[in-house]
Amino acid sequence: NAGVTQTPKFRILKIGQSMTLQCTQDMNHNYMYWYRQDPGMGLKLIYYSVGAGITDKGEVPNGYNVSRSTTEDFPLRLELAAPSQTSVYFCASSPHPGTRKADTQYFGPGTRLTVL
Amino acid sequence: DQQVKQNSPSLSVQEGRISILNCDYTNSMFDYFLWYKKYPAEGPTFLISISSIKDKNEDGRFTVFLNKSAKHLSLHIVPSQPGDSAVYFCAASVRRGSTLGRLYFGRGTQLTVWP
């Protein structure tokens, strides 16, 4: 199992550009999450999904959009990039509540995004 | 408003000694706590967890202690090894009655273990 994979690893965007951060998991997890981590800060939840076709906002959703058409994929879309979105983005997944280790989230390696 | 706080941004410990990382929380609804470890350029990886019905959980060199009355938990690493050098994140969730395993993270503590 590859676990959670994210692409790209690094990206530099100009203000106003758009991009999609890709996330795929092969563990058949129902739950998926997007976090951002700013320097010296903890991870903050952007969006999450409890299954294909179901998404909801987290703590810091402004400026982002998500979709979940399959169990495996959970892309994060930035429509009009702003310098405040410079951060490291982590995707994570977890099993359905009630299953073993349901509270354990498995993280991808991250995407480092710079907006200039 | 930070619901999970790690007030020490860094900790330096000699190899073989004990490392103690601390975490405080403000939300009394939290009933499940986790520690994650993060190396540079990698995602966080799960280390150890504890439910609020326990006050201690042990896994090899790692032990987590929970003091519910003080809303405080700590991670003990004994003996510390250079490979333990990483950022450690404390996280908490409300498991009871919730269908979402949303985690609230602290800011992390950089542990450096020197030979």
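Everything that follows concerns the structure shown earlier in this document.
Residues numbered from 1 in each chain as written. Chains lettered and ligands numbered in written order. Predicted model: local features only at pLDDT ≥ 70, side-chain atom pairs only at ≥ 80, totals over all residues. Heavy atoms only, no water.

1. So, the packing of aromatic side chains
Thought 1: A complete count under the given rule lists 13 aromatic pairs over all chains for this structure.
Thought 2: For the ring pair A:Y35 and B:F105, a centre distance of 5.5 Å and an interplane angle of 85° mean the geometry is edge-to-face. With A:Y35 in strand β4 (residues 31-37) and B:F105 in strand β10 (residues 104-105), the pair connects residues from two separate chains.
Thought 3: Both rings, one in A:F107 and one in B:Y36, keep their centres 5.5 Å apart while their planes meet at 85°; by these two values the pair is edge-to-face. Of the two residues, A:F107 sits in strand β10 (residues 106-107) while B:Y36 sits in strand β4 (residues 32-38), which places them in two different chains. (Phe/Tyr/Trp six-rings, centres within 6.5 Å; stacked < 30°, edge-to-face > 60°. Helix = DSSP H or I, 4+ residues; strand = E, 2+ residues; numbered from the N terminus.)

2. Focus on the state of the cysteines
All names here are of chain A.
Thought 1: Taken as a whole and judged by the stated rule, the model has two disulfides over all chains.
Thought 2: At a sulfur-sulfur separation of 1.8 Å, the disulfide partner of C23 is C91. As the torsion about the S-S bond is roughly -70°, the C23-C91 disulfide counts as left-handed. On the criterion of sequence distance, the pair formed by C23 in strand β3 (residues 19-25) and C91 in strand β9 (residues 87-94) is long-range, its members being 68 residues apart.
Thought 3: Here C23 falls in the buried class, since its relative accessible area comes to 1%.
Thought 4: Taking the relative accessible area as the measure of exposure, C91 reaches 0% and is therefore buried. (Disulfide = S-S within 2.5 Å. Buried < 20%, exposed > 50% of the residue type's maximum accessible area, 1.4 Å probe, protein only.)

3. Here we look at the sheet that holds strand β7 (residues 64-66) of chain A
Residues and elements named next belong to chain A.
Thought 1: Spatially, four strands are ordered β1-β3-β8-β7 in an open sheet, and the strand pairing comes out antiparallel. Since the sheet does not close on itself, it has two edges, and those belong to β1 (4-7) and β7, each with one partner. Recorded for the sheet is a direction-independent mean angle of 20° between the axes of neighbouring strands.
Thought 2: In this sheet, strand β8 (residues 76-78) lies alongside β3 in antiparallel orientation, the contact comprising three bridges. When the sheet's bridge partners are listed, M19 is paired in β8 with L78. (Pairing = 2+ DSSP bridges. Axes fitted to C-alpha atoms, helices over the stretch in contact; angles between N-to-C directions.)

4. What to know about the pattern of salt bridges
Thought 1: Taken as a whole and judged by the stated rule, the model has five salt bridges over all chains.
Thought 2: One salt bridge connects A:D38 with A:R36, and the closest N-O pair in it is separated by 2.9 Å.
Thought 3: Among the residues examined, A:R36 registers a relative accessible area of 11% and is labelled buried.
Thought 4: Measuring nitrogen to oxygen at the nearest pair gives 3.8 Å for the salt bridge that ties B:E58 to B:K56.
Thought 5: Through salt bridges that share partners, B:K37, B:R61 and B:D84 make up one connected network. (Salt bridge = Lys/Arg side-chain N within 4 Å of Asp/Glu carboxyl O.)

5. Thoughts on the interface of chain A and chain B
Thought 1: Taken together, the contacts link 19 residues of chain A with 20 residues of chain B.
Thought 2: Counting the surface lost from both chain A and chain B, the interface buries some 1700 Å², and carbon and sulfur atoms represent 59% of this.
Thought 3: One can count zero salt bridges joining chain A with chain B.
Thought 4: In this assembly, chain A and chain B are joined by one residue pair in polar contact (both at pLDDT 80 or more).
Thought 5: Of all the elements in the fold, those that place two or more residues in the side of chain A that touches chain B are β4 and β5 (43-51) of chain A.
Thought 6: Considering every element that reaches the side of chain A that touches chain B, the biggest residue donor is β4(A), with four residues.
Thought 7: Here the residues of the side of chain A that touches chain B are counted per class, giving 11 nonpolar, six polar and two charged. (Contact = heavy atoms within 4.5 Å. Buried area = accessible area lost by both parts, 1.4 Å probe. Polar contact = N/O pair within 3.5 Å; in protein donor to acceptor, adjacent residues only side chain to side chain. Nonpolar A, V, L, I, M, F, W, Y, C, P; charged D, E, K, R; others polar.)

6. Here's the deal with the side chain of A:Q85
Residue and element names in this part refer to chain A.
Thought 1: Looking at the element boundaries, Q85 is found in the loop between β8 and β9.
Thought 2: Taking the relative accessible area as the measure of exposure, Q85 reaches 5% and is therefore buried.
Thought 3: A distance of 3.1 Å separates the side chain of Q85 from the backbone oxygen of G63, its partner in a polar contact.
Thought 4: Dropping the residues within four chain positions of it, Q85 is found in contact with R36, N62, G63, Y64, L78, L80, L113 and V115.

7. Concerning the sheet that holds strand β1 (residues 4-5) of chain B
Thought 1: Pairing within the open sheet is antiparallel, and its five strands lie in the order β1-β3-β8-β7-β6 (chain B). The open sheet has two edge strands, β1 and β6 (56-59) of chain B, and neither has a second partner.

Remember that the coordinates give geometry; whether it matters functionally is a separate question.
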